[in-house]
Amino acid sequence: MVNTLAIIGAQWGDEGKGKMTDLLSQDADLIVRFQGGNNAGHTIKFNGKTFALHLVPSGIFKDTSSNLLASGMVIDPEALYQELKMLETMHIDTEARLWIASRAHVVLDFHKTLDALYEDIRSEKIGTTHKGIGPAYTDKAARLGLKMATFVSKTGFKTYLDKHLPFVNKLLESYHYAPVKQADLIKKMAPYQAAFKTMIVDGSKLIDTAIEMGQNVVFEGAQGTMLCLDHGTYPFVTSSSPSAAAIPLNTGIAPKKIRRVLGILKVYTTRVGGGAFPTEIHDDTAEFIRTKGHEFGTTTGRARRIGWLDIVQLRHAVRLNGFDAFALMLFDVLVGVDTLKLCTAYKLDGKTIDIIPADHETLSRCEPVYETLEGFDDDLDKVDSYKALSNPAKTYIKRIETLTNVPVAYISTGPDRTAIIKRDEIIAKTLKE
Ligand code: IMP
């Protein structure tokens, strides 16, 4: 029996990881978010209600689970506090169930100011979420960051501000922004420090102990592999790595302890913000998918860009993450699309290639090579097994499996927690053994 499972976005984020984490958390004891911050938005639907989480792991809805915001995250105290209040109004008890790694970093208001400022002054816009993620990770890498352990210590926080604010204020003033007033910031943060103090733990020890005790641990990725700072479509990426490889470093557990990796992908592709997107489409099908799939950002409300499924991109993600199985999401959205396209290679300067060029300008010149498949028209409300799917629906799934060499274990047929086809044999073989 395998007791550690990573749930990773295989595309550019928004693949439906929240739903899968929520589902798989039903068997989990500890759910861990390991990178990013409240740039993420995980939507979960059950009992006819929709819930959006940005920082707290989606496992919080299972009332016997523990949940950890691990050391690789950057946490905006105000946003976390609001999320806790939201959970409180829903009568979700977080007491002794939600933990924050002492080494996680803090996003302060000036990081959000700088995020907006950098976007404004750079000639090539990334289209960030303006949540301060990039500047908070920049401070971490520049050794100017603030760890949670220091933040919740009154004297530690003040000492940090004494040292760091003059530097920040010089930067802000040079761009004609008002300087940060230390007393105001301390006053604003005081209730958050008090609220989080008892939640701070050594994240590495918490996870390792759970694993050693034989508990089931789920690692919940945010964003998607193509937004990875190292292996994504740089510079149009986020400032952390949403890949499985990032988990050990971002949680403090040994690489060999990650036993299985589930890749989450939509049966088409979306991305938000700028950057190359070889299979992007702008026609009626794009509009149909955007409307039917509610393809608007959970965090920013922006309309998502739409494209066909890109096998070149998926193979890149398979190589990086070593997926044991896939969960295909939003399968119902494609019902009614007459003809489906799968991009199996790129054409670049007259040559056929099957890798993602590292240089962004080169990637933008890649033209997709498509294979065409018949669409499907299944009434998915009535389908509860793989066997009951129509032949064209099965062919589409099989083709994805053949081209990526990864078996499909789950097929999501609607937004609700219960709308899912589980292929028990594949789940047993790839994720449980
Ligand atoms: P940042 O993470 O706010 O710095 O934004 C960098 C890029 O990542 C932008 O293109 C964002 O739209 C994208 N991004 C960040 N978080 C998410 C997410 O959760 N889903 C999809 N795209 C995201």
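Here the structure is a predicted model, which is why all the values come from computation and not from measurement. (Residues numbered from 1 in each chain as written. Predicted model: local features only at pLDDT ≥ 70, side-chain atom pairs only at ≥ 80, totals over all residues. Heavy atoms only, no water.)

Asker: Residue-level account of the overall build of the protein chain, with values.
Answerer: A count of helices and strands for the protein chain gives 14 helices and 20 strands. The C-alpha radius of gyration of the protein chain comes to 22 Å, within 12% of the 22 Å expected for a compact globule of 433 residues. Taking the principal axes of its C-alpha atoms as reference, the protein chain extends roughly 65 × 50 × 40 Å. The buried share of the protein chain, reckoned over its 433 residues, is 56%. For the protein chain, the share of sequence-separated contacts (at least 6 apart) that also reach a separation of at least 24 residues comes to 75%. Here the protein chain displays about 18,400 Å² of accessible surface, and carbon together with sulfur accounts for 52% of that area. Taken as two groups, the 52 positive and 52 negative side-chain charges of the protein chain have centres that lie 5 Å from each other. (Helix = DSSP H or I, 4+ residues; strand = E, 2+ residues; numbered from the N terminus. Rg over C-alpha atoms; globule rule 2.2 N^0.38 Å. Buried < 20%, exposed > 50% of the residue type's maximum accessible area, 1.4 Å probe, protein only. Contact = heavy atoms within 4.5 Å. Areas by Shrake-Rupley, 256 points an atom, 1.4 Å probe, with all protein chains shown as cover. Lys, Arg positive; Asp, Glu negative; His and termini not counted. Charge placed at Lys NZ, Arg CZ, Asp CG, Glu CD.)

Asker: Tell me about the nonpolar core, and please be specific about residues and values.
Answerer: Phe219, Phe331, Leu389 and Tyr396 are the most contacted members of the largest nonpolar core, which totals 60 residues. Considering every element that reaches this core, the biggest residue donor is helix H13 (residues 391–404), with five residues. A domain split of this core shows at least three residues from each of domain 1 (4–102 + 199–257) and domain 3 (265–430). The contact partners of Phe331, leaving out residues within four places of it in the chain, are Val267, Phe376, Leu380, Leu389, Ala393, Tyr396, Ile397, Ile411 and Ser412. Judged by nonpolar contacts, the second largest core, of 39 residues, contains Val56, Ile100, Leu161 and Leu172. (Core = buried A, V, L, I, M, F, W, Y, C linked by side-chain atoms within 4.5 Å. Domains from an automatic or database assignment.)

Asker: Explain the sheet that holds strand E15 (residues 325–329) to me, and be specific about the residues and the numbers.
Answerer: Adjacent strands of a sheet pair through backbone hydrogen bonds, lying either parallel or antiparallel. Taken together, the 10 strands give an open sheet; going across it, the order is E9-E7-E5-E2-E10-E1-E11-E15-E19-E20, and neighbouring strands pair in mixed fashion. With partners counted over all chains shown, the strands left at the sheet margins are strand E9 (200–201) and strand E20 (420–422), one partner each. By the bridge criterion, two bridges tie strand E7 (residues 98–101) to E9 in an arrangement that is parallel. Pairing of Ala101 across the sheet is with Val201, part of E9. (Pairing = 2+ DSSP bridges.)

Asker: An account of the side chain of Arg304 is requested, with residue identities and associated values reported.
Answerer: By secondary structure assignment, the location of Arg304 is in the loop between helix H10 (284–292) and strand E13 (305–307). Owing to a relative accessible area of 7%, Arg304 belongs among the buried residues under this scheme. With residues up to four places along the chain from it excluded, the contact list for Arg304 reads Asp14, Lys266, Thr270, Arg271, Val272, Arg290, His294, Glu295, Phe296, Gly297 and Thr298.

Asker: Can you break down H10 residue by residue, with the values?
Answerer: Along H10, the residues that are buried comprise Ala286, Ile289 and Arg290. The arc that holds the buried residues of H10, viewed along the axis, is 100 degrees, so those residues lie on one side. Set apart from the buried face of H10 by more than 90 degrees, the exposed residues are Asp284 and Thr291. Looking at the buried residues of H10, the elements they touch are E13. Its side-chain oxygen placed 3.3 Å from the backbone nitrogen of Thr285, Asp283 serves as the N-cap of H10. Immediately beyond the C-terminal end of H10, within one or two residues, lies His294, with a positive phi of roughly 50 degrees. (Arc of directions from axis to C-beta. Polar contact = N/O pair within 3.5 Å; in protein donor to acceptor, adjacent residues only side chain to side chain.)

Asker: Outline the domain arrangement of the protein chain, supporting the account with residue identities and numerical values.
Answerer: The accessible area lost on association of the parts is a frequent measure of interface size. Once the domains are mapped, the protein chain shows domain 1 (4–102 + 199–257), domain 2 (106–196) and domain 3 (265–430). The straight-line distance from the C-alpha centre of domain 1 to that of domain 3 is 23 Å. Listed by partner, the interface residues are 36 residues for domain 1 and 38 residues for domain 3. Here domain 1 and domain 3 share an interface that buries about 2,900 Å² over both sides, 60% of which is from carbon and sulfur atoms. Considering only the side of domain 1, the residues that lose the most area to domain 3 are Gln11, Trp12 and Lys19, jointly responsible for 24% of the buried surface there. In this structure, the connection of domain 1 to domain 3 is made through two salt bridges. The partner of Arg304 in a salt bridge is Asp14, with the nearest N and O atoms 3.3 Å apart. The tally of links from domain 1 across to domain 3 stands at 16 residue pairs in polar contact (both at pLDDT 80 or more). Of all elements in the fold, only helix H1 (17–24) and strand E3 (42–46) reach the threshold of two or more residues within the side of domain 1 that touches domain 3. Top contributing element to the side of domain 1 that touches domain 3 by residue count: H1, with five residues. Grouping the amino acids of the side of domain 1 that touches domain 3 by side-chain chemistry returns 16 nonpolar, 15 polar and five charged. (Buried area = accessible area lost by both parts, 1.4 Å probe. Salt bridge = Lys/Arg side-chain N within 4 Å of Asp/Glu carboxyl O. Nonpolar A, V, L, I, M, F, W, Y, C, P; charged D, E, K, R; others polar.)

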